[in-house]
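# Examination of the molecular architecture
In case you want the letters, here they are:
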Amino acid sequence: QKEVEQNSGPLSVPEGAIASLNCTYSDRGSQSFFWYRQYSGKSPELIMSIYSNGDKEDGRFTAQLNKASQYVSLLIRDSQPSDSATYLCAVNWAGGFKTIFGAGTRLFVKA
Amino acid sequence: NAGVTQTPKFQVLKTGQSMTLQCAQDMNHNSMYWYRQDPGMGLRLIYYSASEGTTDKGEVPNGYNVSRLNKREFSLRLESAAPSQTSVYFCASSQQGDYEQYFGPGTRLTVT
(Lines give C-alpha, C1' and ligand atoms only; values in the text may rest on other atoms or scores of the structure.)
Protein backbone atom coordinates (compact mmCIF):
# COMPACT_ATOMS: atom_id res chain seq x y z
CA GLN A 1 0.00 0.00 0.00
CA LYS A 2 1.35 3.38 -1.00
CA GLU A 3 2.00 5.71 1.92
CA VAL A 4 3.13 9.27 2.47
CA GLU A 5 4.50 10.08 5.91
CA GLN A 6 4.94 13.46 7.56
CA ASN A 7 5.77 14.50 11.10
CA SER A 8 2.52 15.96 12.45
CA GLY A 9 4.36 18.61 14.46
CA PRO A 10 3.73 21.21 15.55
CA LEU A 11 6.95 22.68 14.23
CA SER A 12 7.63 26.02 15.87
CA VAL A 13 10.16 28.49 14.42
CA PRO A 14 10.86 32.15 15.18
CA GLU A 15 10.03 34.82 12.64
CA GLY A 16 12.81 35.20 10.09
CA ALA A 17 14.13 31.65 10.54
CA ILE A 18 14.15 28.80 8.01
CA ALA A 19 11.37 26.25 8.45
CA SER A 20 12.17 22.76 7.19
CA LEU A 21 9.31 20.37 6.47
CA ASN A 22 9.95 16.75 5.55
CA CYS A 23 8.06 13.96 3.83
CA THR A 24 8.84 10.34 2.96
CA TYR A 25 6.97 8.09 0.59
CA SER A 26 6.81 4.38 0.15
CA ASP A 27 6.85 3.64 -3.56
CA ARG A 28 9.79 4.15 -5.91
CA GLY A 29 7.40 4.47 -8.83
CA SER A 30 6.40 7.95 -7.70
CA GLN A 31 6.67 10.62 -10.37
CA SER A 32 5.13 13.86 -9.16
CA PHE A 33 5.45 15.58 -5.80
CA PHE A 34 3.50 18.49 -4.41
CA TRP A 35 3.33 20.73 -1.38
CA TYR A 36 0.02 22.28 -0.35
CA ARG A 37 -0.60 24.83 2.36
CA GLN A 38 -3.82 24.66 4.36
CA TYR A 39 -4.86 27.39 6.76
CA SER A 40 -7.16 26.37 9.59
CA GLY A 41 -10.71 25.97 8.31
CA LYS A 42 -9.69 26.57 4.70
CA SER A 43 -8.99 24.40 1.66
CA PRO A 44 -5.55 23.20 0.52
CA GLU A 45 -3.66 25.57 -1.77
CA LEU A 46 -0.90 24.37 -4.09
CA ILE A 47 2.40 26.10 -3.38
CA MET A 48 5.06 23.92 -5.06
CA SER A 49 5.39 21.00 -7.42
CA ILE A 50 8.60 19.09 -8.19
CA TYR A 51 9.20 16.29 -10.66
CA SER A 52 12.95 15.63 -10.81
CA ASN A 53 15.76 15.20 -8.32
CA GLY A 54 17.30 18.32 -6.87
CA ASP A 55 16.03 21.69 -5.74
CA LYS A 56 13.30 23.92 -7.09
CA GLU A 57 12.99 27.46 -5.82
CA ASP A 58 9.99 29.79 -5.93
CA GLY A 59 10.37 32.96 -3.92
CA ARG A 60 10.90 32.06 -0.26
CA PHE A 61 10.02 28.41 -0.89
CA THR A 62 12.42 25.66 -1.98
CA ALA A 63 11.32 22.11 -2.65
CA GLN A 64 13.96 19.38 -2.54
CA LEU A 65 13.54 15.89 -4.00
CA ASN A 66 15.71 12.82 -3.50
CA LYS A 67 14.12 9.85 -5.24
CA ALA A 68 16.86 7.42 -4.16
CA SER A 69 16.04 8.15 -0.52
CA GLN A 70 12.30 8.53 -1.24
CA TYR A 71 12.34 11.89 0.45
CA VAL A 72 10.92 15.29 -0.38
CA SER A 73 11.24 18.45 1.69
CA LEU A 74 10.06 22.04 1.73
CA LEU A 75 12.17 24.89 3.04
CA ILE A 76 10.59 28.22 3.88
CA ARG A 77 13.13 31.02 4.20
CA ASP A 78 12.52 34.19 6.23
CA SER A 79 9.47 32.59 7.84
CA GLN A 80 6.58 34.94 8.59
CA PRO A 81 3.65 34.57 11.03
CA SER A 82 1.43 34.37 7.93
CA ASP A 83 3.21 31.10 7.03
CA SER A 84 1.61 29.46 10.09
CA ALA A 85 -0.51 26.69 8.58
CA THR A 86 -0.58 22.96 7.96
CA TYR A 87 1.60 21.82 5.07
CA LEU A 88 0.48 18.76 3.14
CA CYS A 89 2.87 16.63 1.11
CA ALA A 90 1.28 14.84 -1.84
CA VAL A 91 2.67 12.18 -4.15
CA ASN A 92 1.34 10.97 -7.48
CA TRP A 93 2.28 7.67 -8.99
CA ALA A 94 3.03 7.39 -12.68
CA GLY A 95 0.03 7.26 -14.95
CA GLY A 96 -2.53 7.40 -12.18
CA PHE A 97 -5.03 9.92 -10.91
CA LYS A 98 -4.75 8.75 -7.33
CA THR A 99 -2.60 11.28 -5.54
CA ILE A 100 -1.82 10.25 -1.97
CA PHE A 101 -1.67 12.99 0.66
CA GLY A 102 0.23 12.95 3.92
CA ALA A 103 -1.59 13.95 7.10
CA GLY A 104 0.30 17.24 7.18
CA THR A 105 2.76 19.10 9.40
CA ARG A 106 1.52 22.03 11.47
CA LEU A 107 3.88 24.99 11.37
CA PHE A 108 3.84 27.86 13.86
CA VAL A 109 5.93 30.95 13.16
CA LYS A 110 6.39 33.02 16.32
CA ALA A 111 6.56 36.80 15.95
CA ASN B 1 -12.79 33.59 -12.50
CA ALA B 2 -14.23 31.76 -9.47
CA GLY B 3 -12.01 28.64 -9.73
CA VAL B 4 -13.67 25.70 -7.97
CA THR B 5 -16.96 26.32 -6.18
CA GLN B 6 -18.86 23.99 -3.86
CA THR B 7 -22.35 24.04 -2.38
CA PRO B 8 -23.47 23.90 0.33
CA LYS B 9 -20.78 25.17 2.73
CA PHE B 10 -22.34 23.48 5.76
CA GLN B 11 -24.88 20.69 6.14
CA VAL B 12 -26.35 18.69 9.01
CA LEU B 13 -28.10 15.43 8.19
CA LYS B 14 -29.81 12.77 10.22
CA THR B 15 -28.72 9.17 9.80
CA GLY B 16 -30.38 7.67 6.73
CA GLN B 17 -31.03 10.96 4.94
CA SER B 18 -29.63 11.57 1.48
CA MET B 19 -28.01 14.61 -0.10
CA THR B 20 -25.94 15.74 -3.05
CA LEU B 21 -22.85 17.90 -2.83
CA GLN B 22 -22.31 20.10 -5.86
CA CYS B 23 -19.01 21.14 -7.41
CA ALA B 24 -18.25 23.29 -10.43
CA GLN B 25 -15.03 24.62 -11.96
CA ASP B 26 -14.49 27.34 -14.55
CA MET B 27 -10.83 26.60 -15.36
CA ASN B 28 -11.62 24.31 -18.30
CA HIS B 29 -10.01 21.39 -16.47
CA ASN B 30 -10.64 17.87 -17.68
CA SER B 31 -10.19 16.02 -14.38
CA MET B 32 -12.15 16.41 -11.16
CA TYR B 33 -11.93 14.77 -7.74
CA TRP B 34 -13.82 14.35 -4.49
CA TYR B 35 -11.91 14.02 -1.21
CA ARG B 36 -12.82 13.78 2.43
CA GLN B 37 -10.64 15.10 5.22
CA ASP B 38 -10.89 13.85 8.79
CA PRO B 39 -8.91 15.12 11.81
CA GLY B 40 -5.37 13.72 11.92
CA MET B 41 -5.71 12.14 8.51
CA GLY B 42 -4.69 13.24 5.08
CA LEU B 43 -7.09 13.89 2.28
CA ARG B 44 -8.58 10.63 1.08
CA LEU B 45 -9.85 10.24 -2.45
CA ILE B 46 -13.48 9.14 -2.73
CA TYR B 47 -14.04 9.25 -6.50
CA TYR B 48 -12.47 10.94 -9.45
CA SER B 49 -13.36 11.72 -13.04
CA ALA B 50 -10.40 11.70 -15.41
CA SER B 51 -12.45 13.35 -18.14
CA GLU B 52 -16.05 14.12 -19.02
CA GLY B 53 -18.04 10.91 -19.21
CA THR B 54 -15.79 8.82 -16.97
CA THR B 55 -15.74 8.19 -13.23
CA ASP B 56 -13.66 5.84 -11.09
CA LYS B 57 -13.43 4.79 -7.48
CA GLY B 58 -10.77 6.15 -5.20
CA GLU B 59 -9.58 4.94 -1.82
CA VAL B 60 -12.87 5.25 0.13
CA PRO B 61 -15.86 5.00 -2.28
CA ASN B 62 -18.28 2.99 -0.13
CA GLY B 63 -21.49 4.86 0.66
CA TYR B 64 -21.02 7.43 -2.12
CA ASN B 65 -21.96 7.87 -5.75
CA VAL B 66 -20.86 10.49 -8.24
CA SER B 67 -22.04 12.06 -11.47
CA ARG B 68 -19.92 13.98 -13.96
CA LEU B 69 -22.73 16.12 -15.32
CA ASN B 70 -20.59 17.93 -17.91
CA LYS B 71 -17.03 19.21 -18.14
CA ARG B 72 -17.66 21.83 -15.46
CA GLU B 73 -19.68 19.94 -12.87
CA PHE B 74 -19.03 16.89 -10.67
CA SER B 75 -21.49 15.96 -7.93
CA LEU B 76 -21.17 13.62 -4.94
CA ARG B 77 -24.22 11.86 -3.53
CA LEU B 78 -24.72 10.23 -0.17
CA GLU B 79 -27.68 7.88 -0.53
CA SER B 80 -28.11 6.99 3.15
CA ALA B 81 -25.92 9.09 5.40
CA ALA B 82 -24.11 7.50 8.35
CA PRO B 83 -22.30 9.17 11.28
CA SER B 84 -19.02 7.81 9.86
CA GLN B 85 -19.52 10.16 6.91
CA THR B 86 -19.19 13.21 9.14
CA SER B 87 -16.25 14.99 7.54
CA VAL B 88 -15.11 17.92 5.45
CA TYR B 89 -15.54 17.25 1.75
CA PHE B 90 -13.36 18.91 -0.86
CA CYS B 91 -13.77 18.97 -4.60
CA ALA B 92 -10.69 19.57 -6.76
CA SER B 93 -9.82 19.82 -10.43
CA SER B 94 -6.74 19.53 -12.62
CA GLN B 95 -5.73 19.46 -16.24
CA GLN B 96 -5.64 15.93 -17.61
CA GLY B 97 -2.10 14.60 -17.36
CA ASP B 98 -1.13 17.34 -14.90
CA TYR B 99 -1.80 16.38 -11.32
CA GLU B 100 -1.56 19.86 -9.80
CA GLN B 101 -4.94 20.09 -8.15
CA TYR B 102 -6.99 23.16 -7.30
CA PHE B 103 -9.45 22.84 -4.45
CA GLY B 104 -12.85 24.26 -3.69
CA PRO B 105 -13.69 25.80 -0.29
CA GLY B 106 -15.14 22.59 1.12
CA THR B 107 -18.41 21.37 2.61
CA ARG B 108 -18.59 20.64 6.33
CA LEU B 109 -21.01 17.77 6.80
CA THR B 110 -22.28 16.48 10.13
CA VAL B 111 -24.40 13.33 10.33
CA THR B 112 -26.22 12.82 13.62
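Just so we're clear, the structure is a prediction, and the values are computed from it rather than from any experiment.

Here the focus is the state of the cysteines. Applying the stated criterion across every chain, the model contains two disulfides over all chains. Between the sulfur of Cys23(A) and that of Cys89(A) lies a disulfide, 2.1 Å long from S to S. Of note, the bridge from Cys23(A) to Cys89(A) carries an S-S torsion of about -75° and is left-handed in sense. In this pair, Cys23(A) is assigned in strand β3 (residues 19-25) and Cys89(A) in strand β9 (residues 85-93), connecting sequence segments 66 residues apart. Between the sulfur atoms of Cys23(B) and its disulfide mate Cys91(B) the distance is 1.8 Å. Here Cys23(B) and Cys91(B) share a disulfide; its torsion about the S-S bond, -70°, makes the bridge left-handed. Note that Cys23(B) is positioned in strand β3 (residues 19-25) and Cys91(B) in strand β9 (residues 87-94), a separation of 68 residues in sequence. Owing to a relative accessible area of 3%, Cys23(B) belongs among the buried residues under this scheme.

Moving on to the nonpolar core. Residue and element names in this part refer to chain A. Judged by nonpolar contacts, the single largest core of 24 residues is most densely connected at Trp35, Val72, Leu74, Ile76 and Tyr87. Those elements giving two or more residues to this core turn out to be β3, β4 (30-38), β5 (45-50), β7 (61-66), β8 (71-76), β9 and β11 (105-110). With five residues, the top contributor of residues to this core is β9. In contact with tyrosine 87, other than residues within four places in its own chain, are Gln6, Leu21, Trp35, Tyr36, Arg37, Ile47, Leu74, Ile76, Gly104, Thr105 and Leu107.

All names here are of chain A. The full count for this structure, using the stated rule, is seven salt bridges over all chains. With a shortest N-O distance of 3.5 Å, arginine 77 and glutamate 57 are connected by a salt bridge. Here arginine 77, found in the loop between β8 and β9, pairs with glutamate 57, found in strand β6 (residues 54-58); they are 20 residues apart in sequence, far enough to count as distant. Using a relative accessible area of 27% as the deciding quantity, one classes arginine 77 as partly exposed. Residue classification places glutamate 57 among the exposed positions, given a relative accessible area of 59%. For the salt bridge of aspartate 83 with arginine 60, the shortest nitrogen-to-oxygen distance reads 2.9 Å.

Counting residues at the interface gives 21 residues for chain A and 24 residues for chain B. Here chain A meets chain B over a buried area of about 1700 Å², counting both sides, of which 58% is carbon and sulfur. Three residues, Phe97(A), Lys98(A) and Phe101(A), lead the burial of chain A against chain B; their summed loss comes to 37% of the area buried on that side. Remark: the boundary between chain A and chain B carries zero salt bridges.

In this section: the sheet that holds β8(A). All names here are of chain A. Judged by pairing direction, the sheet is antiparallel, and its five strands sit side by side in the order β1-β3-β8-β7-β6 without closing on themselves. Looking at strand neighbours, the two that pair on one side only are β1 (4-6) and β6, the edges of this open sheet. Sheet twist, expressed as the average angle between the axes of neighbouring strands with direction ignored, equals 20°. Inspection of the sheet shows β6 paired to β7 by five bridges, in the antiparallel sense.

What counts and what doesn't
Residues numbered from 1 in each chain as written. Chains lettered and ligands numbered in written order. Predicted model: local features only at pLDDT ≥ 70, side-chain atom pairs only at ≥ 80, totals over all residues. Heavy atoms only, no water. Disulfide = S-S within 2.5 Å. Helix = DSSP H or I, 4+ residues; strand = E, 2+ residues; numbered from the N terminus. Buried < 20%, exposed > 50% of the residue type's maximum accessible area, 1.4 Å probe, protein only. Core = buried A, V, L, I, M, F, W, Y, C linked by side-chain atoms within 4.5 Å. Contact = heavy atoms within 4.5 Å. Salt bridge = Lys/Arg side-chain N within 4 Å of Asp/Glu carboxyl O. Buried area = accessible area lost by both parts, 1.4 Å probe. Pairing = 2+ DSSP bridges. Axes fitted to C-alpha atoms, helices over the stretch in contact; angles between N-to-C directions.

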